[in-house]
Amino acid sequence: MKNSIGIGLLSFFLMAAMLVISGCSVLESAMDMAPGFIPGVDKKDVDMAKSGLAVGQQLVEAVDTITPEQEYYIGRAAAATIINTYGVYEDDAATLYLNELGSTVAEFSDMPEVYSGYHFIILDSDEINAFATPGAFIFVTRGMLACCDGEEELAAVLAHEIAHIQNRHAIRSIKSSRWTKVFTKLGSEAAKQAAGGRDLAALGDMFEGVLDDVTKALIVNGYSRDLEEEADVQGVAIVERCGYSPAAMVAMLKVMEKSLGSNGGGFGKTHPSPEDRIETVEPMISANRITRNSARQSRFDAAMRGARNSRS
Amino acid sequence: MIHRWLAVLILLVFVLGAGSMWNPVFGQDAMSVQVRSSNVREKASALSKVLGKLAYGSRVSIVGKPGKSWIQVKSQQKTPLAGFMRTSALTKKKLKMKGTGASAAMAKADDVALAGKGFDKEIEDAYRKKNVNLTSAFAFLDKLEDDPKFKVKPEQVVEFVKKGKLKPKEVS
Ligand SMILES: [Zn+2]
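The paragraphs below set out a description of the structure included in this document. These numbers were taken from a predicted model, which means no experiment stands behind them.

About the cut-offs
- Residues numbered from 1 in each chain as written.
- Chains lettered and ligands numbered in written order.
- Predicted model: local features only at pLDDT ≥ 70, side-chain atom pairs only at ≥ 80, totals over all residues.
- Heavy atoms only, no water.
- Helix = DSSP H or I, 4+ residues; strand = E, 2+ residues; numbered from the N terminus.
- Buried < 20%, exposed > 50% of the residue type's maximum accessible area, 1.4 Å probe, protein only.
- Contact = heavy atoms within 4.5 Å.
- Areas by Shrake-Rupley, 256 points an atom, 1.4 Å probe, with all protein chains shown as cover.
- Salt bridge = Lys/Arg side-chain N within 4 Å of Asp/Glu carboxyl O.
- Donors = N, O, S within 2.8 Å, 3.2 Å for Na, K, Ca; no water.
- Tetrahedral: all angles 85-135°; square planar, octahedral: opposite > 155°, others 65-115°.
- Patch = residues over 30% accessible without salt bridge, like charges linked within 9 Å, V, L, I, M, F, W, Y side chains within 5 Å.
- Lys, Arg positive; Asp, Glu negative; His and termini not counted.
- Charge placed at Lys NZ, Arg CZ, Asp CG, Glu CD.
- Core = buried A, V, L, I, M, F, W, Y, C linked by side-chain atoms within 4.5 Å.
- Pairing = 2+ DSSP bridges.
- Axes fitted to C-alpha atoms, helices over the stretch in contact; angles between N-to-C directions.
- Phe/Tyr/Trp six-rings, centres within 6.5 Å; stacked < 30°, edge-to-face > 60°.
- Lys NZ or Arg CZ within 6 Å of the ring centre and 35° of its normal.
- Parallel < 35°, antiparallel > 145°, perpendicular 65-115°, else oblique.
- Nonpolar A, V, L, I, M, F, W, Y, C, P; charged D, E, K, R; others polar.
- Polar contact = N/O pair within 3.5 Å; in protein donor to acceptor, adjacent residues only side chain to side chain.
- Left-handed = near helix turned anticlockwise from the far one by under 90°.

Right, let's talk about the overall build of chain A for a bit. A count of helices and strands for chain A gives 16 helices and three strands. Counting every position in chain A, which comprises 312 residues, the buried fraction comes to 57%. Restricting the contact set of chain A to residue pairs at least 6 apart, pairs at least 24 apart contribute 73%. A total accessible area of about 12000 Å² is found for chain A, and carbon and sulfur atoms account for 55% of it.

This is the structure we're talking about:
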């Protein structure tokens, strides 16, 4: 009997957990029915599970409250900070090619449409780095381009960044304490707006706080190992859907491994080592050979010659 | 005793079932466009013909069962546009627009005309004013977004795929 009470309680909390995930209020009332006919469950357990439900719902809704449009404005400001830090490599042909390739890769991701479209920018830096801000501003440095021998490898780099976007990793890097505040604020702002005014100063402070979390995660701290693995695994899936050889991801990481030795910072600081990343993606890849194509190689070479070879 | 366990089992099945049904689009017969402008296509494919565009806030009716990447829709306009849209372009939320302006008329969604938001153009403007060191960076972003030269159109993607001899495998 004691054991069955344990299982009963376990089932009940499993149910509560499911409710938090599903965030469904109809099911909440099902919990009220639980004491009495689920062994070992009383009113206290129900209240405990319900408070968990409230917290869970708030977090789900807080992330949900940030619309693609708001992500875009957070992303634009983060992008401006990145541009200000690294400088843009202005080369129209290279930028156009990068945007054509990137937009094509994004079409085959799980998030092909974002508020204002995907934008791809080359940074004038030898450091090996790439960033994806909320709202889909994706940056690659000249140093990163130099790790790519062809369109296939560059597609793999962009796919990894697009995977960060489709999982909203940058938005999720915002501290939970900040979330709670923003969530509450946006709720009260909606009410205030209906009445005509809004607290611009407070919203501005909040915007700066959010921005600070996002840019710190992007430039300084990086994401957790798990999130990077997720981006690599999904990145491989995206390039495969586009029709590129996924082996290009490994080829690019191998070049990066060699180059990072003499070129610290950037991905060396914010990402797992190329060696570890290769270990993650290699089992997913059936063919080790990259299928190249002369049309792709010549458009890549023509567009990227300057960016890959110049030194600042 | 058996009755109790049966009850737990039924509840669990019920809850698990509801959990797996949790999907941003499930059970919604109408949705809103949550991006500035979104394409309505002939088929559920990134390479298919674009029949028209719908602006932010436009409402669409869901036709049939939504897929992972695509939803068959019919726009709620006087002359409805019917076709396929991306799930990531749509939300079940009703997006408010200031005034009574018909969404159909908003070919190019005007930020100022949209209400009910937190971080928006006004907040960005205030931020720009405060951080003058970012002026040229923002100017570059404006140029990149507004210059038609860098705007990749759906036909360009089709061309890029074709010329590069790529054979994509799409998820519907
Ligand atoms: Zn990454």
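Once the structure has been displayed, the description carries forward.
Glancing now at the pattern of salt bridges. Throughout the structure, instances matching the rule amount to 27 salt bridges over all chains. For Arg241 of chain A, the salt bridge goes to Asp110 of chain A, with nearest N and O atoms at 3.2 Å. Of the two residues, Arg241 of chain A sits in helix α12 (residues 225–242) while Asp110 of chain A sits in the loop between α6 (92–107) and β1 (119–123), which places them 131 residues apart along the sequence. Owing to a relative accessible area of 16%, Arg241 of chain A belongs among the buried residues under this scheme. Put simply, Arg76 of chain A together with Arg36, Glu124, Arg128, Asp142 and Glu145 of chain B are held in one network by salt bridges that share partners.

Residues and elements named next belong to chain A. The protein atoms that coordinate the zinc ion are His160 (NE2), His164 (NE2), Glu228 (OE) and His271 (NE2), at distances spanning 2.0 to 2.1 Å. Its four donor atoms give the zinc ion angles of 90 to 155° at the centre, a pattern that matches the irregular case. Read N to C, the donor residues that coordinate the zinc ion are spaced as H-x3-H-x63-E-x42-H. With a gap of 111 residues between them, His160 in helix α8 (residues 151–166) and His271 in the loop between α14 (267–270) and α15 (274–281) connect regions that are remote in the sequence.

Our next topic: a negative patch on the surface. Residues and elements named next belong to chain A. Residues Glu257, Glu275, Glu279 and Glu282 make up a contiguous surface patch of negative charge. When you line up the elements, Glu257 lands in helix α13 (residues 247–262). For Glu257, a relative accessible area of 34% corresponds to the partly exposed category.

Ranked by size, the top nonpolar core spans 60 residues in total, and within it Leu101, Val105, Tyr118, Leu154, Tyr244, Met256 and Met304 of chain A carry the most contacts. Looking at this core element by element, the count peaks at nine residues for α8 of chain A. Not counting residues up to four positions away in its chain, the partners in contact with Met304 of chain A are Ala94, Tyr97, Leu98, Ile122, Leu145 and Leu154 of chain A. If you look at the next biggest cluster of nonpolar residues, it comprises 45 residues, including Phe131 and Val182 of chain A together with Leu144 and Phe150 of chain B.

What follows deals with the sheet that holds β1 of chain A. Residues and elements named next belong to chain A. As summarised here, the arrangement of the three strands in space is β1-β3-β2, forming an open sheet in which the pairing is mixed. With partners counted over all chains shown, the strands left at the sheet margins are β1 and β2 (130–133), one partner each. In this sheet, neighbouring strand axes are inclined to one another by 15° on average, regardless of whether the strands run parallel or antiparallel. Pairing geometry for β1 and strand β3 (residues 137–141), over five bridges, is parallel.

The subject of this paragraph is unusual backbone geometry. We note that Ala136 of chain A has phi near 70°; this positive angle belongs to a residue other than glycine. Looking at where Ala136 of chain A falls in the secondary structure, it is placed in the loop between β2 and β3.

Right, let's get into the packing of aromatic side chains. All chains considered together, the criterion is met by 11 aromatic pairs over all chains. Summarising the aromatic geometry, the rings of Tyr97 of chain A and Phe300 of chain A are spaced 6.3 Å apart at their centres and angled 70° between planes, so their arrangement reads as edge-to-face. Here Tyr97 of chain A, found in helix α6, pairs with Phe300 of chain A, found in helix α16 (residues 294–309); they are 203 residues apart in sequence, far enough to count as distant. For the pair formed by Tyr97 of chain A and Phe300 of chain A, the shared burial category is buried. Ring geometry for Phe207 of chain A and Phe119 of chain B: centres 5.2 Å apart, planes at 65°, overall edge-to-face. With Phe207 of chain A in helix α11 (residues 200–221) and Phe119 of chain B in the loop between β7 (90–91) and α2 (121–130), this residue pair bridges two chains. Of the two residues, Phe207 of chain A and Phe119 of chain B, both sit in the buried class. The rings of Tyr72, Tyr73, Tyr115 and Phe137 of chain A together with Tyr56 of chain B are connected pair by pair, giving a single aromatic cluster. The residue whose ring lies beneath Arg299 of chain A is Phe160 of chain B, and the NZ or CZ to ring-centre distance is 3.6 Å.

Attention shifts here to the packing of α2 of chain B against helix α3 (residues 135–146) of chain B. All names here are of chain B. The contact between α2 and α3 brings their axes to 10 Å, and the two run at 140°. The angle between α2 and α3 places the two elements in the oblique class. Together, Glu124, Tyr127 and Arg128 of α2 and Phe138, Ala139 and Asp142 of α3 make up the contact between the two elements. Taken together, the residues that form the contact of α2 with α3 break down as three nonpolar, no polar and three charged.

Residue and element names in this part refer to chain A. Judged by relative accessible area, His160 falls into the buried class, the value being 1%. One polar contact links His160 to Glu228, side chain to side chain, over a distance of 3.0 Å. Polar contacts involving the side chain of His160 include one to the side chain of Arg277, which spans 3.3 Å. With residues up to four places along the chain from it excluded, the contact list for His160 reads Glu228, Ala231, Asp232, Gly235, Met249, His271 and Arg277.

This paragraph deals with the packing of helix α5 (residues 68–86) of chain A against α2 of chain B. The relative placement of two packed helices is expressed as an angle between their axes plus a distance between the axes. Two elements in contact, α5 of chain A and α2 of chain B, have axes whose closest approach is 10 Å; the angle formed by their N-to-C orientations is 25°. With respect to each other, α5 of chain A and α2 of chain B are oriented roughly parallel. Here α5 of chain A and α2 of chain B pass one another in a crossing that is right-handed. Residues Tyr73, Arg76, Ala77 and Thr81 of chain A of α5 of chain A touch α2 of chain B, and the partners they reach there are Lys121, Glu124, Tyr127 and Arg128 of chain B. In terms of residue class, the contact of α5 of chain A with α2 of chain B is built from three nonpolar, one polar and four charged.

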